[in-house]
Amino acid sequence: VLHEPPLSWQLIDPWPIAAAFGCRVVSDLRSRSLATGGQGSPLTPLADWVLFRDPNETRTVVNLGGFANFTALPTDADPSIDNIDLITGGDICACNLVLDRLARDRLGTSFDEDGRAALTGEVSTAEAARLSNRLKPDHERSLGTGDEAQWFDDELASLSPTDCLATACDAIARTITSQLPASDATVIAGGGSCNRALMRSFASHRSGRILESDAFGIPSQMREAVGFAVLGALADDGIPVTLPAITGSVTEGRDGQWILP
């Protein structure tokens, strides 16, 4: 709901899960990092290393969720060398949060299913470039505010609904791709991967192979769920799930808050 280190407000009650399944449940995997001076985010890079690393090619994993973030994975050619310290990643910008808000305001629907409306619109290149520049990461402000949606609503008010959505998709894709390192392949996951207009714009601004996580056996809308299952297993083994090079703090011991049956 809000992530502004050292503050982070999350809405989760793990007890119904523990009661329903009678098993150990871990939640709140970011607070140790926050308590030790880190950002506590993004959390998925270590899980991405487990799920997507390759011995022969570098890969950038991009999550097109409410907010977009990325993990850049080095190759894993020599298993005797620990390349985890070479993983980079970070949060980028608002994504579906903006697109869904525009769909509600301009189309009267909860979201633009498959990006169909945006696909019929025309991109205003000037507006897309201007909004992209404004949307680029600003480390002085939280990614958890969501006020970017209001920027887009105001700035694109003069465009038709379909042109508005097409331009927003292009602005967001421009912003995300401008922040990604070069890699042999880009792996896309998250609900935004279903938005064909967003994916079309992404491909127009990103070179190299672009694949959805489905190609690796991880459904694109399940990547975060699978990733957090991996993180929970690692935490259960006492392996810190945040990477100091990404979150900015060193942690030791078992992360998360645990409910034990």
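Everything here concerns the structure above.
All values reported here derive from a predicted model rather than from experimental measurement.

### As for helix H4 (residues 96–107)
If you check which residues of H4 are buried, you get Asn96, Val98, Leu99, Leu102 and Ala103. All buried residues of H4 lie within an arc of 155 degrees about the axis, which places them on one face of the element. Contact partners of the buried residues in H4: strand S4 (59–64), strand S6 (88–94), helix H7 (148–155), helix H8 (161–178) and helix H9 (196–205).

### Things to note about the pairing of strand S5 (residues 67–73)
Burial of S5 is extensive: six of the seven residues sit out of reach of the surface. Taken together, S4 and the strand that follows it, S5, pair antiparallel across an intervening segment of two residues. As paired strands, S5 and S6 are joined by six bridges and run antiparallel to one another. Across the sheet, residue alanine 68 finds its bridge partner in S6, namely cysteine 93.

### Here we look at the sheet that holds S4
Taken together, the five strands give an open sheet; going across it, the order is S6-S5-S4-S7-S8, and neighbouring strands pair in mixed fashion. The open sheet has two free edges, formed respectively by S6 and strand S8 (209–212), since each of these has just one partner strand. Sheet twist, expressed as the average angle between the axes of neighbouring strands with direction ignored, equals 20 degrees. As defined by bridge partners, S4 adjoins S5 across six bridges and the pair is classed as antiparallel.

### Quick look at the packing of H4 against H7
H7 packs onto H4 with a crossing angle of 45 degrees between their chain directions and a minimal axis gap of 9 Å. Here H4 is positioned oblique relative to H7, judged by the angle of their axes. With respect to the hand of their crossing, H4 and H7 are arranged in right-handed fashion. Across the interface between the two elements, Leu97, Val98, Arg101, Leu102, Asp105 and Arg106 from H4 touch Glu148, Ala149, Gln150, Phe152 and Asp153 from H7.

Criteria and cut-off values
Residues numbered from 1 in each chain as written. Predicted model: local features only at pLDDT ≥ 70, side-chain atom pairs only at ≥ 80, totals over all residues. Heavy atoms only, no water. Buried < 20%, exposed > 50% of the residue type's maximum accessible area, 1.4 Å probe, protein only. Helix = DSSP H or I, 4+ residues; strand = E, 2+ residues; numbered from the N terminus. Arc of directions from axis to C-beta. Contact = heavy atoms within 4.5 Å. Pairing = 2+ DSSP bridges. Axes fitted to C-alpha atoms, helices over the stretch in contact; angles between N-to-C directions. Parallel < 35°, antiparallel > 145°, perpendicular 65-115°, else oblique. Left-handed = near helix turned anticlockwise from the far one by under 90°.

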